[in-house]
Structure formats: C-alpha cells, structure tokens
Amino acid sequence: MLSKENETPYMKFSELNLPPDILKSIVALGYDEMTPVQEATYPIISAGHDLCALAETGSGKTAACSIPLIQKIDTTLNAIQGLVIVPTRELCIQYVNEIYKIGAKSGVVPFGVYGGFSKGIQVAKLNHEVHILVATPGRLIDLMYEGAVRLSQTKCVVLDEADELLQTGFLEDIEFILSCIIQEHQTLLFAATMDDDIKRLVDKNFRDPRHISLIQERLSPESIEHYFEYVHPKNKQSKLMRHLKGEDTQQVLIFCNARHKVDSLFRNMKKEVDNIEYIHAGLSQEKRSSIYRNYRSNKISCLIATDVAGRGLDFSNVSHVINWDFPGDGEQYTHRTGRSGRMGRKGKALTFLTKRDLPQLKKLIRKLKITPLWIGENPLGKDAPPKDEKTQKKKRHYRPSRNRRPKSSEKTGASRRGER
Ligand code: ADP
Ligand code: MG
C-alpha cells in the first residue's frame with residue numbers, strides 16, 4: 001500500500017555530535033530520531049540565537065530546548081546558568097525530570113521551584129548547587145526578592161508554553177523577571193499558538209530572534225469530504241474492511257472513544273490488515289514513542305488510536321480519518337478530521353453512526369455547517385439538511401479520486417521544518 005519513496009527520515013540524535021554522556025541518556029529515554037521541532041531548533045539554539053518557536057503540544061519541545069541548554073552549562077561553575085519559566089507546577093516537575101534524565105550524567109543539576117511547596121527547602125537547595133532553574137513566575141519572583149535566586153550568571157532564559165503563561169496573566173511578571181537579567185543572554189520562547197501578547201513580548205525583549213513555526217494549519221470543515229454511514233454496531237467491522245479494501249488509501253487513522261475498543265478492534269483487524277498498529281495511553285512511553293516514529297515514517301499504514309494518544313501524531317500523510325465511534329462534540333470532530341489530507345489533497349472523513357448518535361449528529365452538522373455525504377441510508381430522514389446536487393453525486397460514488405501523493409520536492413527540509 002505504501003512506497004518507500006514517501007519516507008521522510010528525520011535526523012537522528014546520533015548524527016548531532018553530542019557529548020557521549022548526553023547521547024547515552026537520550027538513547028536511554030528511547031529517543032532515536034529527532035522530532036521536527038527538535039531538528040529545526042537545535043542549530044539555532046546551539047548557535048546562541050534568540051528564538052520564538054511554535055509547535056503543537058506533544059511535539060517534543062521540552063527536549064528540543066533541554067538538550068542544547070544542557071550543553072551550554074559549565075558544571076565547574078556553581079551558579080544558575082539556565083532559567084526556564086513555565087506556567088504550572090506540573091510542567092515544572094516534568095521539565096526538571098527531562099533535564100535530569102538527559103543531563104545528570106554530565107553533572108548538570110536542575111531544580112524546580114513553584115508555589116505550594118516549602119520555601120525553606122527550596123532556599124536550602126538553591127544555596128547548594130543549581131545549574132538550571134525551572135520555575136513558575138510567582139514563586140520565582142518571591143525567591144528573587146528574598147535573595148535566594150541570583151541570576152547574574154544566567155546566560156539562557158526559556159519561556160516555555162508561553163501562550164499559557166501569558167493567558168494566565170503572567171505578562172508583567174515575565175517582563176519583570178527579564179528586566180532583572182541585565183547581562184547579555186539568550187532568550188528562547190516556545191508555544192503552541194501565537195497571539196498579540198507573545199508578539200509584543202518578543203518584539204520588546206528579544207534580540208534579532210529566529211522564528212520557527214511548525215503549526216499545521218487545520219483544514220476548515222469545507223475542505224474535507226464528510227462521509228457518514230449508519231450501521232448496526234455488529235456490522236461496523238465488515239463495513240470498515242470493505243471501505244479499506246475499496247479505497248485508495250495512503251495512511252488511515254481510526255479513532256475510538258475508549259482504550260478497550262482500540263484493543264479489541266486491533267485484535268480483530270490485524271489478521272486482515274498489514275502494517276496496522278494501535279496506540280493509547282495504556283502503552284509504555286517507549287512503545288508510544290516508537291509508534292509515533294514508525295507512523296511518521298510511514299512504516300505504519302493504519303493506526304487505531306484514542307483521542308489523547310492521537311494528539312502527538314503527525315498527520316501529514318493521513319488520507320482517511322475514520323471515526324469508529326462518534327466523537328462527542330464539534331470540537332473533537334474537527335480535531336480528529338481537520339488535519340487529514342495535507343499537501344493540497346482534500347481530506348476525507350468517514351464516521352460510523354448508531355442510533356444514539358443521531359441527536360448529536362444534527363447538532364454537529366448545524367454547528368460546523370458541513371454537508372454530510374451519506375453512504376447508504378440517511379438516518380436523519382426528512383430532518384436532514386437538504387441535499388444539493390453535489391451531495392447526491394458524491395453519494396453514488398464513494399470511490400473518491402486518487403489521492404495525490406506529495407512529490408518529493410514538496411518535502412524539502414526547509415518546508416518540512418517550516419522555517420520562515
Ligand atoms: P511538548 O512540550 O511539545 O508538548 P513534550 O516535550 O512534552 O512535548 O514531549 C511529548 C512526548 O514526546 C514526551 O512523552 C516525550 O518523552 C516524547 N518525545 C520527545 N522527543 C522525542 C523523540 N525525539 N523521540 C521520541 N519521543 C520523544
Ligand atoms: Mg511542553
């Protein structure tokens with residue numbers, strides 16, 4: 001079903017010339033290839049430029065920043081050389097863990113400070129040895145006022161999840177913290193969305209920043225063909241198999257609403273479908289990482305996923321999104337289907353419906369203003385929105401035209417990395 005030509009090999013960490021201790025730690029984490037944001041930002045951060053990087057949640061921004069940051073630390077100097085500001089305590093802990101796992105062998109000491117935890121213990125640790133401080137803004141400012149945090153040797157400042165930081169009203173705090181770092185330093189910003197506050201912050205505080213954007217634009221509902229099929233739950237699988245065999249698919253992504261459904265659908269389908277895999281939060285981190293990787297490089301041609309696990313996926317080769325279960329609301333539907341059909345192709349979504357989904361389906365059609373294309377019976381009957389000619393025609397031909405495969409020229413390093 002798939003040709004090797006479509007593979008988009010990402011750089012491997014082993015090609016980076018990293019110090020052996022860092023590389024060993026990265027391998028131990030199960031990372032082999034870099035994610036797009038890691039590949040795009042590594043040279044920029046290493047070269048010392050300021051950076052404003054946009055990439056989706058789950059794209060590996062923590063390691064993208066942590067790896068070059070760790071390399072900048074002089075472990076013979078007992079001082080905070082890297083400062084990472086994050087919006088929440090959970091992210092703080094997660095960030096410290098990632099830095100610890102990657103940098104501990106090299107002697108880099110990270111530490112996290114956040115509200116709701118004993119200040120005394122934090123002060124004691126700060127007085128001892130910390131190379132990279134990860135902090136939420138409020139507690140950081142407290143500790144700066146108390147003289148427990150000294151930033152006079154800080155050479156790199158990171159604003160992580162900056163969109164969330166600013167949404168939670170930390171703009172003034174951030175500006176205050178940045179204004180306290182008066183020596184020359186590098187500033188890095190990571191976010192999943194760009195807004196005016198971020199633009200202003202970057203314009204005002206960054207020095208000739210490089211911009212990277214890896215946000216995949218969502219396809220609007222109009223540029224997707226929305227097929228629906230009313231089925232008896234017992235017949236879902238045979239219908240699905242018929243579609244998969246009859247269609248010219250590139251990569252198929254099937255969404256279920258629960259882990260056990262993913263499991264059982266996978267068990268049933270793997271006998272009949274090659275290169276099929278499944279992913280949900282019940283799998284180990286390593287297993288999930290390996291699936292994300294194989295999916296990205298097209299080694300997996302059909303993937304069954306839950307919504308949560310689906311968030312980290314690269315949709316660039318997905319030709320068909322199938323909703324095995326009806327996605328609860330409009331947002332979920334858009335999220336699942338809106339990223340199919342990249343590279344100028346039209347996206348194609350097929351949603352199986354059972355009787356109890358019909359009230360929600362009506363709402364969905366109204367809310368997203370989509371034109372449903374029915375395969376078989378239209379269960380909405382006379383309540384259904386009027387079918388225009390186009391709809392009728394499509395209904396008779398659920399053998400959509402061949403999907404255009406991306407040409408190799410469309411996948412140059414620069415476009416893949418989304419450099420602007
Ligand atoms: P983001 O900050 O962009 O939301 P994270 O940094 O939290 O994303 O990473 C998301 C997940 O991807 C984490 O579980 C992380 O361990 C994993 N991950 C990061 N980089 C890689 C990689 N190069 N290979 C495989 N998995 C990775
Ligand atoms: Mg993050």
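Coordinates for the structure precede this section.
**Describing the overall build of the chain**
Here comes step 1: Looking only at helices and strands, one finds 17 helices and 14 strands in the chain.
Here comes step 2: Counting the 420 residues in the chain, one finds 52% classified as buried.
Here comes step 3: Split by element, the accessible area of the chain, about 19,600 Å² in all, is 50% carbon and sulfur.

**Some details on the side chain of Thr351**
Here comes step 1: Along the polypeptide, Thr351 turns up in strand β13 (residues 347-353).
Here comes step 2: Dropping the residues within four chain positions of it, Thr351 is found in contact with Tyr227, Phe228, Glu229, Asn323, Phe326, Pro327 and Tyr333.

**So, the sheet that holds strand β9 (residues 251-255)**
Here comes step 1: Strand order in the open sheet formed by seven strands is β10-β11-β9-β12-β13-β8-β14, with parallel pairing between adjacent strands. At either margin of the open sheet sits one strand with a lone partner, and together these are β10 (276-279) and β14 (372-375). Shown here is a sheet whose adjacent strand axes are inclined to one another by a mean of 20°, direction ignored.
Here comes step 2: One ladder, built from four bridges, connects strand β8 (residues 224-230) with β14; its direction is parallel. Looking at the pairing, Glu229 lines up with Ile375 of β14.
Here comes step 3: The strands touched by helix α14 (residues 330-337) within the sheet are β8, β9, β12 (318-323) and β13, with β12 carrying the most contacts at an inclination of about 150°.

**Let's talk about the nonpolar core**
Here comes step 1: The biggest cluster of nonpolar side chains holds 40 residues, and the ones touching the most others in it are Ile67, Ile132, Val134 and Val158.
Here comes step 2: At the level of elements, α1 (20-28), α2 (36-46), β1 (51-54), α3 (61-71), α4 (89-103), β4 (132-135), β5 (156-159) and β6 (186-191) are the ones that each hand at least two residues to this core.
Here comes step 3: In this view, Ile67 contacts Phe13, Leu18, Ile22, Ile26, Tyr42 and Ile102; residues no more than four positions away in its chain are not counted.
Here comes step 4: Among the nonpolar cores identified, the runner-up in size contains 36 residues, and Tyr278, Leu303, Ile304 and Leu373 belong to it.

**Structural notes on the site of ligand 1**
Here comes step 1: Around ligand 1, the surrounding shell holds 17 residues, and the nearest of these are Tyr31, Glu33, Gln38, Gly58 and Thr62.
Here comes step 2: A distance of 2.6 Å separates an oxygen atom of ligand 1 from a polar atom in the side chain of Thr62.
Here comes step 3: A total of 570 Å² of accessible area belongs to ligand 1 in isolation, and the protein chains cover 85% of it.
Here comes step 4: Secondary structure elements with two or more residues in the shell around ligand 1: α3 and α12 (285-296).
Here comes step 5: Tallied by class, the residues present in the shell around ligand 1 amount to three nonpolar, 10 polar and four charged.

**A word on the packing of aromatic side chains**
Here comes step 1: This structure, assessed with the given rule, holds seven aromatic pairs.
Here comes step 2: Consider the rings of Tyr114 and Phe117, whose centres lie 5.9 Å apart with planes at 55°: the pair is tilted.
Here comes step 3: Relative accessible area serves as the criterion here: at 12%, Tyr114 is assigned to the buried category.
Here comes step 4: For Phe117, a relative accessible area of 35% gives the class partly exposed.

**Structural notes on the pattern of salt bridges**
Here comes step 1: Throughout the structure, instances matching the rule amount to 15 salt bridges.
Here comes step 2: A salt bridge links Lys236 to Asp325, with the shortest nitrogen-to-oxygen separation between them at 3.6 Å. Taken together, the residues span a long stretch of sequence, with Lys236 in helix α10 (residues 236-246) and Asp325 in the loop between β12 and α14 at a distance of 89 residues.
Here comes step 3: Among the residues examined, Lys236 registers a relative accessible area of 9% and is labelled buried.
Here comes step 4: Lys261 serves as the salt-bridge partner of Asp325, at 3.0 Å between the closest nitrogen and oxygen. Of this pair, Asp325 sits in the loop between β12 and α14 while Lys261 sits in helix α11 (residues 259-269), placing them 64 residues apart in sequence.
Here comes step 5: Under the relative-accessibility criterion, Lys261 is labelled partly exposed at 25%.
Here comes step 6: Overlapping salt bridges, with partners in common, bring together Lys119, Asp142 and Glu146 in one network.

**Quick look at the environment of Ala63**
Here comes step 1: As for its placement among the helices and strands, Ala63 is situated in helix α3.
Here comes step 2: Note: C-alpha distance between Ala63 and Tyr31 (32 residues apart in sequence) is 9.9 Å.
Here comes step 3: In contact with Ala63, not counting residues within four places along its chain, are Tyr31, Gln38, Pro68, Glu98 and Ile102.

**Here's the deal with unusual backbone geometry**
Here comes step 1: Positive phi, normally seen in glycine, also occurs at Asn17, with a value near 65°.
Here comes step 2: Note that Asn17 resides in the segment before α1.
Here comes step 3: Although it is not a glycine, Asp208 adopts a positive phi angle of roughly 45°.
Here comes step 4: Inspection of the secondary structure assignment puts Asp208 in the loop between α9 (196-205) and β7 (210-213).

**Thoughts on the sheet that holds strand β2 (residues 82-85)**
Here comes step 1: The strand order β3-β4-β2-β5-β6-β1-β7 describes an open sheet built from seven strands, whose pairing is parallel. Pairing within the sheet leaves two strands with one partner each, and these edge strands are β3 (110-113) and β7. Averaged over all pairs of adjacent strands, the angle between strand axes in this sheet comes to 15°, irrespective of strand direction.
Here comes step 2: Sheet topology places β1 next to β6; four bridges connect them, and they run parallel.

**Re helix α8 (residues 171-180)**
Here comes step 1: Three or more residues of α8 are buried, namely Ile174, Ile177 and Leu178. Seen from one end, α8 has its buried residues packed into an arc of 100°, which puts them on one side.
Here comes step 2: For α8, the elements touching its buried residues are β2, α6 (137-145), β5, α7 (162-167), β6 and α9.

Reading the values: the criteria
Residues numbered from 1 in each chain as written. Chains lettered and ligands numbered in written order. Predicted model: local features only at pLDDT ≥ 70, side-chain atom pairs only at ≥ 80, totals over all residues. Heavy atoms only, no water. Helix = DSSP H or I, 4+ residues; strand = E, 2+ residues; numbered from the N terminus. Buried < 20%, exposed > 50% of the residue type's maximum accessible area, 1.4 Å probe, protein only. Areas by Shrake-Rupley, 256 points an atom, 1.4 Å probe, with all protein chains shown as cover. Contact = heavy atoms within 4.5 Å. Pairing = 2+ DSSP bridges. Axes fitted to C-alpha atoms, helices over the stretch in contact; angles between N-to-C directions. Core = buried A, V, L, I, M, F, W, Y, C linked by side-chain atoms within 4.5 Å. Near = heavy atom within 4 Å. Polar contact = N/O pair within 3.5 Å; in protein donor to acceptor, adjacent residues only side chain to side chain. Nonpolar A, V, L, I, M, F, W, Y, C, P; charged D, E, K, R; others polar. Phe/Tyr/Trp six-rings, centres within 6.5 Å; stacked < 30°, edge-to-face > 60°. Salt bridge = Lys/Arg side-chain N within 4 Å of Asp/Glu carboxyl O. Arc of directions from axis to C-beta.

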